[in-house]
Amino acid sequence: MSAKLTLFAIIGSSFLLLVILDLVRRRYLKERYALLWIITGGLFLFLSIRKDLLYGISTLLGFVMPSNALLGLGFLFLLLISLGLSVITSRLSEKNKILAQEVVLLKKRVTDLEKKCEADNPSDEKEDSI
Amino acid sequence: MKILVIVPAFNERITIREVIVRIRTFYPQADILVVSDGSTDGTGRVAREAGVLVLEHSYNMGIGATVQTGLLYALENDYEIAIQIDGDGQHNPQFLSSVVEPILQGRSNLVIGSRYLSEGGFKSTSLRKLGIQFFTGLVWIFTGRRITDPTSGFRAMDRRGIGLFAEDYPSDYPEVEALVLAHKKGLGIEEVPVQMRPRRRGTSSIGFLSAIYYMMKVTLSISIGFFRGAKG
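Just so you know, these numbers come straight off a predicted model, no measurement behind them. (Residues numbered from 1 in each chain as written. Chains lettered and ligands numbered in written order. Predicted model: local features only at pLDDT ≥ 70, side-chain atom pairs only at ≥ 80, totals over all residues.)

### A few points about the overall build of chain B
So, step 1. Along chain B, the regular secondary structure elements total 8 helices and 7 strands.
So, step 2. Relative to a compact globule of 232 residues, whose C-alpha radius of gyration would be 17 Å, chain B shows 16 Å and is just as compact.
So, step 3. Projected onto its principal axes, the C-alpha positions of chain B cover 45 × 40 × 35 Å.
So, step 4. Scored against the burial criterion, the 232 residues of chain B give a buried share of 47%.
So, step 5. Sequence-distant contacts in chain B: of pairs separated by 6 or more residues, those separated by 24 or more amount to 75%. (Helix = DSSP H or I, 4+ residues; strand = E, 2+ residues; numbered from the N terminus. Rg over C-alpha atoms; globule rule 2.2 N^0.38 Å. Buried ≥ 20, exposed ≤ 12 C-beta atoms within 10 Å, placed from the backbone. Contact = placed C-beta atoms within 7 Å.)

### Brief notes about the overall build of chain A
So, step 1. For chain A, the count of helices and strands is 4 helices and 0 strands.
So, step 2. Dimensions of chain A, computed from C-alpha atoms along their principal axes, come out at roughly 85 × 30 × 15 Å.
So, step 3. For chain A, the share of sequence-separated contacts (at least 6 apart) that also reach a separation of at least 24 residues comes to 55%.

### So, helix 1 (residues 13–26) of chain B
All names here are of chain B.
So, step 1. Under the 1.5 Å per step criterion, the end-to-end length of helix 1 is 21 Å for 14 residues, consistent within 8% with the ideal 20 Å.
So, step 2. Taken as a whole, helix 1 has its buried residues at Thr15, Ile16, Val19, Ile20 and Ile23. Burial along helix 1 is one-sided: seen end-on, the buried residues are contained in an arc of 140°. The outward face of helix 1, more than 90 degrees from its buried face, is lined by the exposed residues Val21 and Thr25.
So, step 3. Buried residues belonging to helix 1 abut strand 1 (3–9), strand 2 (31–36), helix 2 (43–49) and helix 4 (96–104). (Expected span 1.5 Å × (residues − 1). Arc of directions from axis to C-beta.)

### Remarks on the confidence of the model for chain B
All names here are of chain B.
So, step 1. Averaged over all residues, the pLDDT of chain B equals 90, while 92% of them reach at least 70.
So, step 2. Across chain B, the element-wise mean pLDDT spans from 86 in helix 8 (residues 208–226) up to 98 in strand 4 (residues 81–84).
So, step 3. In the predicted complex, the global pTM is 0.83; the interface-specific ipTM is 0.78. (pLDDT = per-residue confidence, 0-100.)

### Some thoughts on the packing of helix 7 (residues 174–184) of chain B against helix 8 of chain B
Residues and elements named next belong to chain B.
So, step 1. Contact pair helix 7 / helix 8: the axes reach a minimum separation of 9 Å and the direction vectors enclose 15°. In terms of orientation, helix 7 and helix 8 fall into the roughly parallel class. As helix 7 runs across helix 8, the sense of the crossing is right-handed. Contact with helix 7, carried on its side by Val176, Glu177, Val180 and Leu181, involves Val218, Ser221, Ile222 and Gly225 of helix 8 and no other residues of that element.
So, step 2. Here the residues of the contact of helix 7 with helix 8 are counted per class, giving 5 nonpolar, 2 polar and 1 charged. (Axes fitted to C-alpha atoms, helices over the stretch in contact; angles between N-to-C directions. Parallel < 35°, antiparallel > 145°, perpendicular 65-115°, else oblique. Left-handed = near helix turned anticlockwise from the far one by under 90°. Nonpolar A, V, L, I, M, F, W, Y, C, P; charged D, E, K, R; others polar.)

### Let's talk about unusual backbone geometry
So, step 1. Of note, the phi angle at arginine 27 of chain A is positive, near 60°, even though the residue is not glycine.
So, step 2. For arginine 27 of chain A, the position within the fold is in the loop between helix 1 (3–25) and helix 2 (31–49).
So, step 3. With 8 C-beta atoms packed within 10 Å, arginine 27 of chain A lands in the exposed category.
So, step 4. Even without being glycine, asparagine 11 of chain B reaches a positive phi, approximately 50°.

### Here's the deal with the interface of chain B and chain A
So, step 1. Taken together, the contact pairs 11 residues of chain B with 7 residues of chain A.
So, step 2. Among the elements of the structure, strand 3 (53–56) and helix 3 (63–76) of chain B are those that each provide at least two residues to the side of chain B that touches chain A.
So, step 3. A total of 6 residues in the side of chain B that touches chain A trace back to one element, the largest contributor, which is helix 3 of chain B.
So, step 4. Taken together, the residues that form the side of chain B that touches chain A break down as 5 nonpolar, 4 polar and 2 charged.

### Looking at the packing of helix 5 (residues 126–143) of chain B against helix 8 of chain B
Helix-helix packing: each pair is described by the crossing angle between the helix axes and the interaxial distance.
Residues and elements named next belong to chain B.
So, step 1. Orientation of helix 5 relative to helix 8, taken along the N-to-C sense of each, is 5°, at an axis distance of 11 Å. What the angle tells us is that helix 5 and helix 8 run roughly parallel. Of the residues in helix 8, those touching helix 5 at Gly131, Phe134, Phe135, Leu138 and Phe142 are Ala211, Met215, Val218, Thr219, Ile222 and Phe226.

### Section: the nonpolar core
So, step 1. With 68 residues, the main nonpolar core has Val5, Val7, Leu33, Ala82, Ile83 and Val99 of chain B as its most contacted residues.
So, step 2. Here valine 99 of chain B is in contact with Ile83, Val111, Gly113, Phe154, Arg155, Ala156, Val192 and Val194 of chain B, once residues within four sequence places are set aside.
So, step 3. Core analysis: the second largest hydrophobic core is formed by 6 residues, Phe44, Leu47, Leu54 and Ala69 of chain A among them. (Core = buried A, V, L, I, M, F, W, Y, C linked by C-beta atoms within 7 Å.)

### Describing the pairing of strand 5 (residues 110–114) of chain B
All names here are of chain B.
So, step 1. Of all 5 residues in strand 5, 5 are buried, a share of seventy percent or more.
So, step 2. Side chains Leu110, Ile112 and Ser114 project from strand 5 onto one buried face, and the interleaved Val111 and Gly113 project onto a second face that is buried too.
So, step 3. Here 3 bridges tie strand 5 to strand 6 (residues 155–157), and the two strands are oriented antiparallel to one another. Directly across from isoleucine 112, in strand 6, lies its bridge partner arginine 155.
So, step 4. Pairing analysis gives 5 bridges linking strand 5 to strand 7 (residues 189–193), with the strands arranged parallel. Looking at the pairing, valine 111 lines up with glutamate 190 of strand 7. (Pairing = 2+ DSSP bridges.)

Right, here's the structure in full:
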């Protein structure tokens, strides 16, 4: 890996890490969902600095060029992150459905109760309309 | 006997009133609940003016969630039988009593109104027929039962069915999956012949691409659901 590319990888992954940490700090990103991102950014930075480790991994996995190993790892992590996001989306949409259904049923109960109240005390009718 | 007729409806303002009137005529002993799935054409208002129970989703959540909302209402209000009938006028309320009959006699927990059982029954386009045969085959593989009209949304269920589906009902294209689920949970399933009218206005909600998605989605969820543990 050329010195230029190494420098670029270090700067790039540091920047990514900083952005992630700042998002967490400002509560735009929950720690829970930031974890995989932080691991990805951290690993990238670590491997860009400790090039001997990156070389080791790339030989181990059979990559001809270490930079390709970095790219491959990045791709793998992106896949994991998006899969995780799909899981989260599915869970959220299920929860959202349950909530929406509960709201519908509650709304119906409230209107029924209101009607019943009105029928029981017709004199109070005006009070609500303020 | 508390019986609830659930009418899932999405933008059916034109047909909903007639459906309600016909249900009242042919099955006056039941309460009617229209569940409007985020309709924007005033379906809910029209139904309310007709004097039936109305639940309105805040946004469009799909037929599965709509039917399930109705079943949740049935469960909460202690109905013993729930019937599902479409709001677009395709299903003929004349057959409500025949769909309920097997449940009243204690023979079945879930009854499907089939348009293919009756003599001189429903005329389908060949493509649709092919799709339905596909699902019939699929259901047969997973349950060993031959259901002639597995996609029919004209069905009745008892308390067991209500309880099961109120808790767990597929979100889109739910009919076929629900059948397999019911079979897995040991519910008695039966088909009775009904007549369906060809849709008077609008087109079927299923186009070609959605038909492909329909088949793939249902096949996937049934196959995976089959391997789900006791929880599923």
